[in-house]
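# Commentary on secondary and tertiary structure
Given next are the chains, with one letter for each unit.
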Amino acid sequence: MPSDPLSAASSAPLAATPTGGDGEVSTAAPAAVEEVLTLRISLGEEVVGEVRTRFRFTAARPYEVLLTFHLGRPDEADWVFSRELLRDGLRALSGQGDVKLWPAYCPCHGSTLHLALESPHGSALLEASKPRVQAWLDRTYALVSEHQERHCGPTDAELAALLAEG
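Described below are features of the structure shown in this document. Fair warning: this is a prediction, and the values are worked out from it, not measured in the lab. (Residues numbered from 1 in each chain as written. Predicted model: local features only at pLDDT ≥ 70, side-chain atom pairs only at ≥ 80, totals over all residues. Heavy atoms only, no water.)

## Some details on the sheet that holds strand S8 (residues 122-129)
Filter applied, for reference: Any two strands with at least two DSSP bridges between them are considered paired. Strands are runs of DSSP state E lasting at least two residues, helices are runs of H or I lasting at least four, and both sets are numbered from the N terminus onward. Axis definition: a line fitted to C-alpha atoms, limited for helices to the stretch in contact. Angles are taken between N-to-C directions and run from 0 to 180 degrees. Whether two residues touch is decided by their heavy atoms; if any such pair falls within 4.5 Å, the residues are in contact.
Sheet architecture is open: 8 strands sit in the order S4-S3-S2-S1-S8-S7-S6-S5, paired in antiparallel fashion. What marks the edges here is a single partner per strand, and that holds for strand S4 (76-82) and strand S5 (94-96). Adjacent strand axes in the sheet meet at a mean angle of 30 degrees when their direction is disregarded. Note: strand S6 (residues 99-106) against strand S7 (residues 110-119), 8 bridges, orientation antiparallel. For leucine 101, the partnering residue across the bridge sits in S7 and is leucine 115. Packed onto the sheet, helix H2 (residues 130-143) meets strand S1 (32-42), strand S2 (48-58), strand S3 (64-70), S6, S7 and S8 and runs at close to 155 degrees relative to S1.

This is the structure:
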């Protein structure tokens, strides 16, 4: 059985960099920002537990964040949504449909971020440490700023042309 990819302790956040090459030390900026956090999860009124979750951002796809929920099985559940949605959810209710986020305060856990996820397979309410998520998100903006992000994708005119082509 393959080793659990999230079993290693996550005492320090990761800044992933490309590997390989001729052994020279790279001075290039990291290509991704990752951190594994333990989130509290509620799958119903009585089922509460924890799930290790990898937060991942790559400079190649600056508009999105990837959350991988390690469920203790060979498969993992991936959710991709916009970095802007996560940023806004740390401040106020954000999102609609399948993903909703909002800040909260819990007397037991302090400042938290709630994530409500819906899919054809079910729904879940997750709670993360707001300061840890904010610190991770800040590192993503250090890698690719909001200003730089605007220049990474197609322009509004390019998108309109693509949509017009049908």
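Next comes the rest of the write-up.
## A word on the nonpolar core
Short version of the rule: The criterion is simple. A nonpolar core is a set of buried Ala, Val, Leu, Ile, Met, Phe, Trp, Tyr and Cys residues joined through side-chain atoms within 4.5 Å. For the exposure calls, accessible area comes from a 1.4 Å probe over protein chains only, and a residue counts as buried if that area is under 20% of its type's maximum, exposed if over 50%, partly exposed in between.
Ranked by size, the top nonpolar core spans 29 residues in total, and within it Leu39, Phe81, Leu86, Leu115 and Leu126 carry the most contacts. Sort the elements by how many residues they give to this core and H2 lands first, with 5 residues. Apart from residues lying up to four places away in sequence, leucine 126 is in contact with Leu39, Arg40, Ile41, Val51, Phe69, Leu113, His114, Leu115 and Leu117.

## Focus: the packing of aromatic side chains
Aromatic ring pairs are described here by two measures, namely the spacing of the ring centres and the angle between the planes. In plain terms, the rule: Here a Phe, Tyr or Trp ring, Trp counted by its six-membered ring, pairs with any other such ring whose centre lies within 6.5 Å, and the pair is stacked when the planes are under 30 degrees apart, edge-to-face when over 60, and tilted otherwise. Over a ring means this: the NZ of a Lys or the CZ of an Arg is within 6 Å of the ring centre and within 35 degrees of the ring normal.
Taken as a whole and assessed by the stated rule, the structure comprises 1 aromatic pair. Taking the centre distance of 5.5 Å and the plane angle of 65 degrees together, the rings of phenylalanine 55 and tryptophan 136 count as edge-to-face. Of this pair, phenylalanine 55 sits in strand S2 while tryptophan 136 sits in helix H2, placing them 81 residues apart in sequence. Side by side, phenylalanine 55 and tryptophan 136 carry an identical accessibility label, which is buried. Taking NZ or CZ as reference, arginine 83 lies 3.8 Å from the ring centre of tyrosine 141, over its face.

## Examining the state of the cysteines
Defined as follows: Two cysteine sulfur atoms form a disulfide, by the criterion used here, when they sit within 2.5 Å.
On inspection of all chains with the given rule, the structure shows 0 disulfides. Here cysteine 106 stays unpaired: no disulfide links it, and the sulfur of cysteine 108, its closest cysteine neighbor, is 4.6 Å away. Owing to a relative accessible area of 16%, cysteine 106 belongs among the buried residues under this scheme.

The quantities given are spatial measurements derived from coordinates; they are silent on function.
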